[in-house]
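Okay, here's what each chain looks like letter by letter:
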Amino acid sequence: MSFVPQFFTTAESLVDSLDKKLLVVLRDGRKIIGILRSYDQFANLVLQDSLERIYVGDAYGDIERGVFIIRGENVVLLGEIDGDTEDALPLRQLPIEDILQMQREEAEEKARKDRLRFQLLHKQGFSVDFTDTDLY
């Protein structure tokens, strides 16, 4: 009789991640890095010494968040961070003010491109979703 390892797909699988540095990607796209201190049966998480990391291109900025409580249903991805690999990444850290400005510029450029694309599609007869201007 051979031993078959059990794989947990519930919140119990988080027990190995306690007291480790994790990256948590949330449903709204935010990325939170912190040390997992506690969790419950719903996979609600408590992160200590956490920060919100914002990536723009090959740069990033951090916003200190302290103790951060995350509702389990908002977690998209969760993974342990390897400190050696994190230090070797080809990313540059910038002041958060610069990153936020770059993020605004990137969002404005995307909105401009989307408007242009919607206009071109509309000229070709495609229906484009204009929920903010449709009155029906």
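Here we summarise the structure given alongside this text.

Analysis parameters
Residues numbered from 1 in each chain as written. Predicted model: local features only at pLDDT ≥ 70, side-chain atom pairs only at ≥ 80, totals over all residues. Heavy atoms only, no water. Pairing = 2+ DSSP bridges. Helix = DSSP H or I, 4+ residues; strand = E, 2+ residues; numbered from the N terminus. Polar contact = N/O pair within 3.5 Å; in protein donor to acceptor, adjacent residues only side chain to side chain. Contact = heavy atoms within 4.5 Å. Core = buried A, V, L, I, M, F, W, Y, C linked by side-chain atoms within 4.5 Å. Buried < 20%, exposed > 50% of the residue type's maximum accessible area, 1.4 Å probe, protein only. 1 Å grid on protein atoms, 1.4 Å probe; cavity = no way out; pocket = protein on both sides within 12 Å on 5 of 7 lines; lining within 4 Å. Points joined across faces, edges and corners; volume = space filled by probe spheres on them. Phe/Tyr/Trp six-rings, centres within 6.5 Å; stacked < 30°, edge-to-face > 60°. Patch = residues over 30% accessible without salt bridge, like charges linked within 9 Å, V, L, I, M, F, W, Y side chains within 5 Å. Areas by Shrake-Rupley, 256 points an atom, 1.4 Å probe, with all protein chains shown as cover. Salt bridge = Lys/Arg side-chain N within 4 Å of Asp/Glu carboxyl O.

**Some points on the pairing of strand β2 (residues 31–39)**
- The sheet contact formed by strand β1 (residues 21–26) and β2 spans five bridges and is antiparallel. In the sheet register, Val-24 faces β2, and the bridge partner there is Ile-32.
- Counted between consecutive antiparallel strands, the loop separating β1 from β2 contains four residues, among which Gly-29 sits at a positive phi close to 95 degrees.
- With seven bridges joining them, β2 and strand β3 (residues 45–56) adopt antiparallel strand pairing. In the sheet register, Leu-36 faces β3, and the bridge partner there is Leu-47.
- From the end of β2 to the start of β3, which pair antiparallel, there are five residues, and Ala-43 there has a positive phi angle of about 65 degrees.

**Quick look at the pairing of β1**
- Pairing of β1 with strand β5 (residues 75–80) involves five bridges; the strand directions are antiparallel. Along β5, the bridge assignment pairs Val-25 with Leu-77.

**Considering the side chain of Asp-62**
- Among the structural elements, Asp-62 can be located in strand β4 (residues 59–70).
- Here Arg-53 takes part through its side chain, which lies 2.8 Å from a polar atom of the side chain of Asp-62.
- The residues touching Asp-62, leaving out its near neighbours within four places in the chain, are Leu-51, Glu-52, Arg-53, Gln-93 and Ile-96.

**Focus: the nonpolar core**
- Formed by Leu-14, Leu-22, Val-24, Leu-26, Ile-32, Leu-36, Leu-45, Leu-47, Phe-68 and Ile-70, the largest nonpolar core amounts to 10 residues.
- Counting only elements with at least two residues in this core, the list comes to β1, β2, β3 and β4.
- By residue number, the principal contributor to this core is β1, which donates three residues.
- Look past the residues within four positions of Ile-70 in its chain and what remains in contact with it is Val-24, Leu-26, Ala-43, Asn-44, Leu-45, Leu-47 and Val-75.
- Membership of the second largest hydrophobic core comes to five residues, among which are Ile-54, Val-56, Ala-59 and Ile-99.

**Let's talk about the side chain of Ser-17**
- One can find Ser-17 in the segment before β1.
- If near-sequence neighbours (up to four positions away) are discounted, Ser-17 is found in contact with Leu-22 and Leu-36.

**Brief notes about the layout of surface pockets**
- The calculated volume of the largest pocket comes to roughly 200 Å³.
- Every residue along the wall of the largest pocket is listed here: Leu-23, Ile-33, Arg-53, Tyr-55, Tyr-60, Ile-81, Asp-82, Thr-85, Glu-86, Asp-87, Leu-89 and Leu-91.
- Mapped onto the lining of the largest pocket, the elements with two or more residues apiece are β3 and α1 (83–88).
- When residues in the lining of the largest pocket are grouped by element, the largest group, three residues, is from α1.

**Here we look at the packing of aromatic side chains**
- Throughout the structure, instances matching the rule amount to one aromatic pair.
- Centre to centre, the rings of Tyr-55 and Tyr-60 are 6.2 Å apart; their planes meet at 50 degrees, and the pair counts as tilted.
- Note on Tyr-55: relative accessible area 34%, which makes it partly exposed.

**Focus on a nonpolar patch on the surface**
- Nonpolar side chains collect at one region of the surface, where Tyr-55, Leu-89 and Leu-91 lie side by side and expose about 240 Å² of accessible area between them.
- By the secondary structure assignment, Leu-89 is in the loop between α1 and β6 (92–93).
- Judged by relative accessible area, which is 43%, Leu-89 ranks as partly exposed.

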